[in-house]
Amino acid sequence: MKLTRIKELREETDMNQTEFAKILGMSQTGYSKYETGENDIPTAILFKLADYYKTSIDYILGRTDESKPYPPSKININE
């Protein structure tokens, strides 16, 4: 699945693939494969993208058009 939204988000920050790949700690080629849909995005990278862009993973994946992040969870997993 081609994820045009991550390309749009990256371009909104006026960064090229090489600059953004460096933020994620990966190669430009690896990042490019996420934008083109050649490779699926690992969960850890999805978390980094959502945190960086201050949005939800659902927005990044195109499951919603609401760009606001979800409110923090009130569930305490330590209980």
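For the structure given in this document, a descriptive report is provided here. (Residues numbered from 1 in each chain as written. Predicted model: local features only at pLDDT ≥ 70, side-chain atom pairs only at ≥ 80, totals over all residues. Heavy atoms only, no water.)

**Examining the side chain of Glu35**
Part 1 of the reasoning: Within the secondary structure, Glu35 sits in helix α3 (residues 28-36).
Part 2 of the reasoning: In terms of polar contacts, Glu35 uses its side chain to reach the side chain of Gln17, at 2.9 Å.
Part 3 of the reasoning: Within the local environment of Glu35, its side chain forms a polar contact with the side chain of Tyr31, the two groups lying 2.9 Å apart. (Helix = DSSP H or I, 4+ residues; strand = E, 2+ residues; numbered from the N terminus. Polar contact = N/O pair within 3.5 Å; in protein donor to acceptor, adjacent residues only side chain to side chain.)

**Observations regarding the packing of helix α1 (residues 4-12) against α3**
Part 1 of the reasoning: The geometry of α1 relative to α3 is characterised by a closest axis approach of 7 Å and an angle of 125° between their N-to-C directions. The angle between α1 and α3 places the two elements in the oblique class. Facing α1, whose interface residues are Ile6, Lys7 and Arg10, α3 presents Tyr31, Tyr34 and Glu35.
Part 2 of the reasoning: When grouped by side-chain class, the residues that make up the contact of α1 with α3 number three nonpolar, no polar and three charged. (Axes fitted to C-alpha atoms, helices over the stretch in contact; angles between N-to-C directions. Parallel < 35°, antiparallel > 145°, perpendicular 65-115°, else oblique. Contact = heavy atoms within 4.5 Å. Nonpolar A, V, L, I, M, F, W, Y, C, P; charged D, E, K, R; others polar.)

**Some thoughts on the nonpolar core**
Nonpolar side chains in soluble globular proteins tend to be buried together.
Part 1 of the reasoning: By size, the foremost hydrophobic cluster in this structure holds 17 residues, and its most contacted members are Ile6, Phe20, Tyr31, Ile41, Leu49 and Ile60.
Part 2 of the reasoning: Those elements that provide at least two residues to this core are α1, α2 (17-24), α3, α4 (43-53) and α5 (57-60).
Part 3 of the reasoning: No other element matches α4, which puts five residues into this core. (Core = buried A, V, L, I, M, F, W, Y, C linked by side-chain atoms within 4.5 Å. Buried < 20%, exposed > 50% of the residue type's maximum accessible area, 1.4 Å probe, protein only.)

**A look at the environment of Leu24**
Part 1 of the reasoning: Among the structural elements, Leu24 can be located in helix α2.
Part 2 of the reasoning: Residue class for Leu24 comes out buried when judged on its relative accessible area of 8%.
Part 3 of the reasoning: Separated by 28 residues in sequence, Leu24 and Tyr52 have C-alpha atoms that sit 9.7 Å apart.
Part 4 of the reasoning: Apart from the residues lying within four places of it in its own chain, the contact partners of Leu24 are Tyr31, Ile45, Lys48 and Leu49.

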